[in-house]
Each structure stands twice: as structure tokens, then as C-alpha cells.
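# Structure at a glance
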Amino acid sequence: MGKRSDFDRIPRDKYMTPKKAIDPLLFWIEEGWSFAEPCAGDGGLARHLEENGHVCLHMSDIEPEHPKVKELDVFDFEADLSTTDCVITNPPWDRKILHPLIEHLSDQVPTWLLFDTDWMHTKQAIPFLPRLRRIISVGRVKWIPGSTMTGKDNCAWYHFTKPGPKNTVFIGRSEIWG
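In this report, the structure presented in the accompanying data block is examined. (Residues numbered from 1 in each chain as written. Predicted model: local features only at pLDDT ≥ 70, side-chain atom pairs only at ≥ 80, totals over all residues. Heavy atoms only, no water.)

## Observations regarding the nonpolar core
Judged by nonpolar contacts, the single largest core of 47 residues is most densely connected at Ile88, Trp112, Phe115, Trp119, Trp157, Tyr158 and Phe160. The element that contributes the greatest number of residues to this core is strand E7 (residues 154–160), accounting for five residues. (Core = buried A, V, L, I, M, F, W, Y, C linked by side-chain atoms within 4.5 Å. Buried < 20%, exposed > 50% of the residue type's maximum accessible area, 1.4 Å probe, protein only. Helix = DSSP H or I, 4+ residues; strand = E, 2+ residues; numbered from the N terminus.)

What follows is the structure, encoded as C-alpha cells:
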């Protein structure tokens, strides 16, 4: 699914988020947080977070793959700031979608996005760095269930908020989550 692969990408980057990619985030979000998942696919990411004590207030996707996931384009999503602590999602990695999505979501509520770590080292990331608060390294992810191989790109959780003068904190991989 990466830039160094001969495999065809799944349309709309609909790669379901494996639990192993979610686990590193669990150490950095407050217990019992409410969240919205606007790129939910089959709802697996939200279910894993709920199994770990968090409260999902909204699940949607442009092409839902579970009855509990509402059909809604992420750019039509608006957080209820009175109840939602954050957005947590594995968005499409296509930069034409990802970059506007970073602004759209983090202008509303603190936002956690899972995507490739290479992004943070590119010039295209510069306009978004004033929004970036935390980076949690995940490493390579096995996106295709039953596959013997992981993806070729390392991943990280990126925590974005409204722009401001705060520093970005990088959290490397830990023995805790492998």
C-alpha cells in the first residue's frame, strides 16, 4: 500500500486499522475520553477504543462497511464540542484529502490521525506543523489480515489542534507496544 510497493492500492485507502496500530495511542489518551471516528470503515478502530474504556459518540464513513457506521463525507462532519473530547481516525493518506482533512478536523476538536511517518520530514508538512502537538511512533503495520508481510511505510499517530505556539513532542516506539 506504500510508495515502494507493486501492489494495487485499495480504492480510497480503505485499509482497516489493526489493533496493533491502535495500542500505542492508548497510553496517550485520557481514560474514558469521548471521541468521533469520521473515517470509520467497518468500525474496528472505534470498537477497539471502546473495549479499552473510551466512548465513541460518532462513527461515519463515505462508504460505511458496518450497520452502525453512518454514511457521511468526512468534510461534512462537524464535532459536537460540548461532548466530544477528540477525533481519532485512520484517514486516507492521499495528500489531496489528508491536508484539508487535518485543517477541517483540528479546527473543530483535537484530532489524532494515523498515517505514514515520512510525511513529517517533507516540505508539504510545514504549513501543518503549527497544529502538530504530538507524534507517537507505531512502526510498520500489517494492513492486510492474514498476510505474512507488513506495509513498507512506518506509521505514527499525529495529534493536531488549532494552530498555536506549542512545541511538538515525539514519542518513539516502546517495548510496551512492540
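Now that the structure is up, let's keep going.
## Here's the deal with the packing of helix H1 (residues 19–26) against helix H2 (residues 44–51)
Two elements in contact, H1 and H2, have axes whose closest approach is 10 Å; the angle formed by their N-to-C orientations is 45 degrees. Taken together, the axes of H1 and H2 are oblique relative to one another. For the pair H1 and H2, the crossing hand works out as right-handed. Residue-level inspection shows Lys19, Ile22, Asp23 and Leu26 of H1 in contact with H2, the latter providing Leu45, His48, Leu49 and Glu51. (Axes fitted to C-alpha atoms, helices over the stretch in contact; angles between N-to-C directions. Parallel < 35°, antiparallel > 145°, perpendicular 65-115°, else oblique. Left-handed = near helix turned anticlockwise from the far one by under 90°. Contact = heavy atoms within 4.5 Å.)

## A word on helix H3 (residues 95–106)
An α-helix turns once every 3.6 residues. As a result, residues three or four positions apart point the same way. Along its twelve residues, H3 runs 16 Å from first to last C-alpha, staying within 8% of the 16 Å computed at 1.5 Å per residue. Along H3, the residues that are buried comprise Leu98, His99, Leu101, Ile102, Leu105 and Ser106. Along the long axis of H3, the arc covered by the buried residues comes to 165 degrees, so they all point the same way. Buried residues in H3 make contact with strand E4 (86–89), strand E5 (111–116) and E7. Capping of H3 at its N-terminal end is provided by aspartate 94; its side-chain oxygen lies 2.8 Å from the backbone amide nitrogen of lysine 96. (Expected span 1.5 Å × (residues − 1). Arc of directions from axis to C-beta. Polar contact = N/O pair within 3.5 Å; in protein donor to acceptor, adjacent residues only side chain to side chain.)

## Notes on the environment of phenylalanine 77
For phenylalanine 77, the position within the fold is in the loop between strand E3 (70–71) and E4. A sequence separation of 28 residues divides phenylalanine 77 from leucine 105, and the C-alpha atoms of the two residues are 8.2 Å apart. Sequence-distant contacts of phenylalanine 77, defined by excluding residues within four places in its chain, comprise Ala36, Pro38, His58, Leu72, Val87, His104, Leu105 and Gln108.

## Details of the pairing of strand E1 (residues 34–37)
A two-sided burial pattern is seen for E1, the buried positions comprising Ser34 and Ala36 on one face and Phe35 and Glu37 on the other. Strand direction decides the pairing type here: E1 and strand E2 (residues 55–61), joined by four bridges, are parallel. The residue bridging glutamate 37 from the neighbouring strand is methionine 59, located in E2. Assessed by its sense of winding, the connection that carries the chain from E1 through H2 to E2 is right-handed. As defined by bridge partners, E1 adjoins E4 across two bridges and the pair is classed as parallel. (Pairing = 2+ DSSP bridges. Right-handed = clockwise from strand over helix to strand, strands pointing away.)

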